[in-house]
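Coordinate inspection notes
Here is what each chain is made of, one letter per residue.
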Amino acid sequence: MGETPGTDVGQETESRVARRPRGNLATPSSVEGPSKKARSRTHETAFPISLGTSFRIITSSQHLNKIDAVLRSREIFLGRLTKFFELRGLVLKTPVLECRKVDLHSLHHAVARQGGYCKVSEQNKWVEVAKELHYKDIEPMALALQEHYKKLYSHM
């Protein structure tokens, strides 16, 4: 094929690679050094090809245990509420507003943060509750939330 007699194919490949120009990667000044806080999360990564620059990958921890705790809390709340209704011979029906089920756990906690049902009703804070639950059409949703909340807790 076009090989020189007496040369090894591996040597020929190495010489071609050695003749190739090597490019330097320019790194922006913002990437040069991580902050002291980020250094604790920084890991050096070795690449199989040497590019003449070291790369750092900054990792962040996702607090999955906090997410699990919220989900567990929501499940426990809904389980207890369902059991309460069952013990009284009733069926818990989750209301639907704006084409989505009302999150009863979030509704309960939003009302509790505003001071409870009586205080929210007296001071007419149902609009704030509707905003906290991210409803779009706030005025009618505030009234509907009040009615559903009253209906849910009238059995207690």
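Residues numbered from 1 in each chain as written. Predicted model: local features only at pLDDT ≥ 70, side-chain atom pairs only at ≥ 80, totals over all residues. Heavy atoms only, no water.

Each helix and strand in the protein was counted, giving seven helices and four strands. Going from N to C terminus, the protein has its helices and strands arranged as α-α-β-β-α-β-β-α-α-α-α. Of all 156 residues assigned to the protein, the portion counted as buried reaches 20%. At a minimum sequence separation of 6, the contacts of the protein that also span at least 24 residues come to 43%. Summed over its atoms, the accessible surface of the protein is roughly 12400 Å², and 55% of this surface lies on carbon and sulfur atoms. (Helix = DSSP H or I, 4+ residues; strand = E, 2+ residues; numbered from the N terminus. Buried < 20%, exposed > 50% of the residue type's maximum accessible area, 1.4 Å probe, protein only. Contact = heavy atoms within 4.5 Å. Areas by Shrake-Rupley, 256 points an atom, 1.4 Å probe, with all protein chains shown as cover.)

Working note: non-glycine residues mostly have negative phi, and peptide bonds are mostly trans. Within the chain, asparagine 124 stands out as a residue other than glycine whose phi angle is a positive 50°. Summarising the element assignment, asparagine 124 is placed in the loop between α5 (117–122) and α6 (126–132). Relative accessible area serves as the criterion here: at 54%, asparagine 124 is assigned to the exposed category. Backbone geometry at histidine 134 places phi at a positive 60°, although glycine is not the residue there. Inspection of the secondary structure puts histidine 134 in the loop between α6 and α7 (138–153). Histidine 134 gets classed as exposed once you look at its relative accessible area, which sits at 65%.

Another aspect to go through is the packing of helix α4 (residues 104–113) against α7. Look at α4 against α7: their axes get within 12 Å of each other, and the N-to-C directions meet at 100°. It follows from the interaxial angle that α4 and α7 lie roughly perpendicular. Between α4 and α7, the residues in contact are Leu104, Leu107, His108 and Val111 and Leu145, Tyr149, Leu152 and Tyr153, respectively. Residue composition of the contact of α4 with α7, by class: seven nonpolar, one polar and no charged. (Axes fitted to C-alpha atoms, helices over the stretch in contact; angles between N-to-C directions. Parallel < 35°, antiparallel > 145°, perpendicular 65-115°, else oblique. Nonpolar A, V, L, I, M, F, W, Y, C, P; charged D, E, K, R; others polar.)

A few words on α7. For α7, built from 16 residues, the straight-helix expectation of 22 Å at 1.5 Å per residue is met to within 8% by its first-to-last C-alpha distance of 22 Å. Three or more residues of α7 are buried, namely Met141, Ala142, Ala144, Leu145, Tyr149 and Leu152. (Expected span 1.5 Å × (residues − 1).)

Tallied over the entire structure, the rule returns two salt bridges. With a shortest N-O distance of 3.0 Å, aspartate 103 and arginine 74 are connected by a salt bridge. With aspartate 103 in the loop between β4 (100–101) and α4 and arginine 74 in helix α3 (residues 64–87), this residue pair connects regions lying 29 residues apart in the sequence. Looking at arginine 74, the relative accessible area reads 23%, which means it is partly exposed. (Salt bridge = Lys/Arg side-chain N within 4 Å of Asp/Glu carboxyl O.)

Scanning the entire structure with this criterion turns up five aromatic pairs. Ring geometry for phenylalanine 84 against phenylalanine 85: centres 6.1 Å apart, planes inclined by 75°, an arrangement best described as edge-to-face. A relative accessible area of 19% means that phenylalanine 84 is categorised as buried. Centre to centre, the rings of tyrosine 149 and tyrosine 153 are 4.5 Å apart; their planes meet at 35°, and the pair counts as tilted. Taken together, the positions of tyrosine 149 and tyrosine 153, both in helix α7 and four residues apart, correspond to about one turn of that helix. Three or more aromatic residues joined by ring pairs form one cluster here, namely Tyr117, Trp126, Tyr149 and Tyr153. (Phe/Tyr/Trp six-rings, centres within 6.5 Å; stacked < 30°, edge-to-face > 60°.)

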